[in-house]
Amino acid sequence: MKNLFPGLLCAALFMSACSDSGKGRLAVSIENMPDDSLICSYFTPATIRERGDMATFLVGGSRTGERVDFSIDIPDDGHLYKIFLAPQSFRADGPRQNIELFLLPGEKTSVQAVYEPKGKTIDYTVSDSSQQRWMEQSKTFERLQLRLDMLNATAMMISPERRTLGDTVYKQMQSIADSILQIKAAYIGAHPADPVSGYLMTTIDNGRTLDSLYNLLDPSVKEGPLKEWLDLQKEMTDNMSAAEHAREAVKEGAAAPDFTLPRIDGKEFTLSSLYGQGKYTVLDFWGTWCGWCMKGMPAMKEAYAKYKEGVEFVGIDCGDKEEAWKQTVGRQQLPWINVRADGDRTPVTFGIEAYPTKMILDPQGIILARFTGEDPAFYATLDSLVNKR
């Protein structure tokens, strides 16, 4: 399923102890709170670049009447952390159930909140004035964002055969995303020296818009505490733009770009080494973090067993650490050629915008077909090609 709005990948919840050096850096007090615990996640740009897991843990609070107080330990190691907080009984139908904020090095932040049971919402107030303004600004598009999130969840459940419904949902998503982008851009354009504009910039994944708005920012924001996050956002949108541009060149009838990547046994594999042997080649761009990729593995194994005499399969892992890749290939017993793209160069060269993406190449390396998502048309096309020989 094509993902028009890529975002950060959330790790599975796990218990984690934090460094004593950051003891109690984040204090949270919530009135009328039904839970006595919060889910806290934090990460840095380095976490994202290294394809690592965000630190996610459960923190217990102390209750005094209707108020629950939390003291949360976040390492104070020079990093500017992005933090997510949510009640343990988090529900997606509450638009203000969670809070996202930044914690600057050497600083402590306090949060006051009130839970409203009827609307199942939490209204947060942050001690840092700029982050409070950011939260107030976020309210101007939170209903749109909630609608977008719900449509995104719906899109993920639409099977590839129902293309008409899928196209309708994606058009709605694009319209809402454009409206949210306009609200953010209007604020940034009117307040180029406000740190809130920097916070908003870290949420924009439209490359052209990001570049134009970045040029408007005051140097105090560009070179301030958010610099590393702004650099990361630009890097990610640049990769997306490069993939979109490459997609125009890497299409049906074009020669597949050659590459050399490490196999799971440590040896190097070059794509063009398969050419001229009379076999078709299937390229499968996937990742262990991609739910649709993993769901499709049984069907891929069936296809490999059926066509291996006339088709070479090459699995290209993207976005995983080496250990996770090797463990998954072993556990899933994937019998074909498995290589790992360490970094974004190979998927960008092939114009990969969503996962899984599968390509069928002819025996000389010409792209015959390209499929995004677990599309039954991939297997039908492969069957047609092999059987007509």
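Since this is a predicted model, take the numbers as computed values, not measurements.

**Notes on the overall build of the chain**
Helix and strand content of the chain: twelve helices and 16 strands. Out of the 389 residues belonging to the chain, those deemed buried represent 47%. Considering only intrachain contacts with a sequence separation of at least 6, the fraction spanning at least 24 residues in the chain is 69%.

**A look at the packing of aromatic side chains**
Inspection of the entire model under this criterion finds 17 aromatic pairs. Ring geometry for Phe 102 and Trp 229: centres 5.6 Å apart, planes at 75°, overall edge-to-face. Of this pair, Phe 102 sits in strand 7 (residues 99-103) while Trp 229 sits in helix 8 (residues 227-249), and the two are 127 residues apart along the sequence. Take Trp 229: its relative accessible area is 4%, and that puts it in the buried class. Taken together, a centroid distance of 5.2 Å and an interplanar angle of 80° make the contact between Trp 289 and Tyr 355 edge-to-face. With Trp 289 in the loop between strand 12 (280-286) and helix 9 (291-307) and Tyr 355 in the loop between helix 11 (345-349) and strand 15 (357-361), this pair connects stretches of sequence that are 66 residues apart. Taking the relative accessible area as the measure of exposure, Trp 289 reaches 31% and is therefore partly exposed. One aromatic cluster in this structure is built from Phe 43, Phe 84, Phe 102, Trp 134, Tyr 199 and Trp 229. Across the ring face of Phe 378, the terminal group of Lys 358 is positioned such that the distance to the ring centre comes to 5.8 Å.

**Notes on empty space enclosed by the protein**
Vacant regions in the atomic arrangement are exposed by a probe of water-molecule size rolled over the atoms. Evaluation of the coordinates by the stated rule reveals one cavity of 30 Å³ or more. Contributing to the lining of the largest cavity are Met 201, Leu 210, Tyr 214, Leu 230 and Lys 234. Of all the secondary-structure elements, those providing two or more residues to the lining of the largest cavity are helix 6 (207-216) and helix 8. Class assignment of the residues belonging to the lining of the largest cavity gives a composition of four nonpolar, no polar and one charged.

**A short note on the sheet that holds strand 15**
Reading across from one edge, 14-13-12-15-16 is the order of the five strands in this open sheet, with mixed pairing throughout. Both outer strands of the open sheet, strand 14 (337-341) and strand 16 (367-372), are each paired with one neighbouring strand and no more. Neighbour-to-neighbour, the strand axes of this sheet turn through a mean angle of 20°, independent of strand direction. In the packing of helix 10 (residues 322-332) onto the sheet, contacts are made with strand 12, strand 13 (311-318) and strand 14, and the angle to strand 14 comes to roughly 160°.

**Some points on the state of the cysteines**
As enumerated under the stated definition, the model contains one disulfide in all. Across the disulfide, Cys 290 is cross-linked to Cys 293 (sulfur-sulfur distance 2.4 Å). Measuring handedness by torsion sign, the sulfur bridge of Cys 290 and Cys 293 sits at about 80° and is right-handed. The burial state of Cys 290 is the same as that of Cys 293; both residues are buried. Looking at Cys 318, it has no disulfide partner, and the nearest cysteine sulfur is the one in Cys 293, 8.7 Å off.

**Things to note about helix 8**
Under the 1.5 Å per step criterion, the end-to-end length of helix 8 is 33 Å for 23 residues, consistent within 8% with the ideal 33 Å. For helix 8, the complete set of buried residues consists of Trp 229, Leu 230, Leu 232, Gln 233, Thr 237, Ala 243 and Ala 246.

**So, the sheet that holds strand 6 (residues 81-87)**
A sheet is described by the order of its strands in space; here four strands give the open sequence 3-2-6-7, paired in antiparallel fashion. The two strands at the open ends of the sheet, each matched to only one other strand, are strand 3 (55-60) and strand 7. Between one strand axis and the next, the sheet turns through 25° on average, direction left out of account. Pairing of strand 2 (residues 37-43) with strand 3, which is carried by six bridges, proceeds in the antiparallel orientation. Looking across to strand 3, one finds that Cys 40 is bridged to Phe 57.

**Quick notes on the packing of helix 9 against helix 12 (residues 376-387)**
Helix 12 packs onto helix 9 with a crossing angle of 5° between their chain directions and a minimal axis gap of 12 Å. It follows that helix 9 is roughly parallel to helix 12 by the angle criterion. Residues Gly 296, Ala 299, Met 300, Ala 303, Lys 306 and Tyr 307 of helix 9 pack against Phe 378, Tyr 379, Leu 382, Asp 383 and Val 386 of helix 12. Taken together, the residues of the contact of helix 9 with helix 12 sort by class into eight nonpolar, one polar and two charged.

**Concerning the environment of Gly 253**
Mapped onto the elements of the fold, Gly 253 is located in the loop between helix 8 and strand 10 (260-262). Taking the relative accessible area as the measure of exposure, Gly 253 reaches 58% and is therefore exposed. Counting along the chain gives 113 residues from Gly 253 to Ile 366, while the straight-line C-alpha distance between them is 6.0 Å. In this structure Gly 253 touches Ile 366 and Ile 367, once residues within four positions along its chain are discounted.

**Overview of the pattern of salt bridges**
Throughout the structure, instances matching the rule amount to 18 salt bridges. Note that Asp 383 and Lys 306 form a salt bridge whose closest N and O atoms lie 3.4 Å from each other. Taken together, the residues span a long stretch of sequence, with Asp 383 in helix 12 and Lys 306 in helix 9 at a distance of 77 residues. Relative accessible area serves as the criterion here: at 25%, Asp 383 is assigned to the partly exposed category. The exposed category is assigned to Lys 306, whose relative accessible area is 59%.

Cut-offs used in this document
- Throughout, a residue's number is its position along its own chain's written sequence, starting from 1.
- Where local features are concerned, this predicted model is filtered to residues with pLDDT of at least 70; where side-chain atom pairs are given and counted, the filter is 80 or more; whole-chain, interface and lining totals use all residues.
- Note that the side-chain values use all heavy atoms of the structure and ignore hydrogens as well as water.
- Put simply, DSSP H or I for four residues or longer makes a helix, DSSP E for two residues or longer makes a strand, and each gets a number counted from the N terminus.
- Per-residue accessibility, obtained with a 1.4 Å probe over protein chains only, is compared with the maximum for each type, and a residue is labelled buried under 20%, exposed over 50%, and partly exposed between these values.
- Note on definitions: a residue-residue contact is assigned when non-hydrogen atoms from the two residues lie within 4.5 Å.
- By convention, a stacked pair of Phe, Tyr or Trp rings (six-membered ring in the case of Trp) has centres within 6.5 Å and planes under 30 degrees apart, an edge-to-face pair has planes over 60 apart, and any other such pair is tilted.
- Cation placement over rings: the criterion is NZ of Lys or CZ of Arg within 6 Å of the ring centroid and within 35° of the ring normal.
- Definitions used throughout: a 1 Å grid over protein atoms alone; a cavity as a set of points that fits a 1.4 Å probe which cannot get out; a pocket as an open set with protein on both sides within 12 Å along at least five of seven lines; a lining residue as one with an atom within 4 Å of a point.
- Grid points are joined across faces, edges and corners, and a volume is the space filled by probe spheres set on the points.
- Each residue receives one of three labels: charged for Asp, Glu, Lys and Arg, nonpolar for Ala, Val, Leu, Ile, Met, Phe, Trp, Tyr, Cys and Pro, and polar for the others, Gly being one of them.
- When DSSP finds at least two bridges between two strands, those strands are taken to pair.
- Here the axes come from fitting lines to C-alpha atoms, over the contacting stretch only for helices, and the angles between their N-to-C directions go from 0 to 180 degrees.
- Whenever a pair of cysteine sulfur atoms sits within 2.5 Å, that pair is classed as a disulfide.
- One less than the number of residues in a helix, times 1.5 Å, gives the span that helix is expected to have.
- These descriptions rest on fixed angle ranges, namely under 35 degrees for roughly parallel, over 145 for roughly antiparallel, 65 to 115 for roughly perpendicular, and the rest for oblique.
- A side-chain nitrogen of Lys or Arg and a carboxyl oxygen of Asp or Glu constitute a salt bridge if their distance falls within 4 Å.

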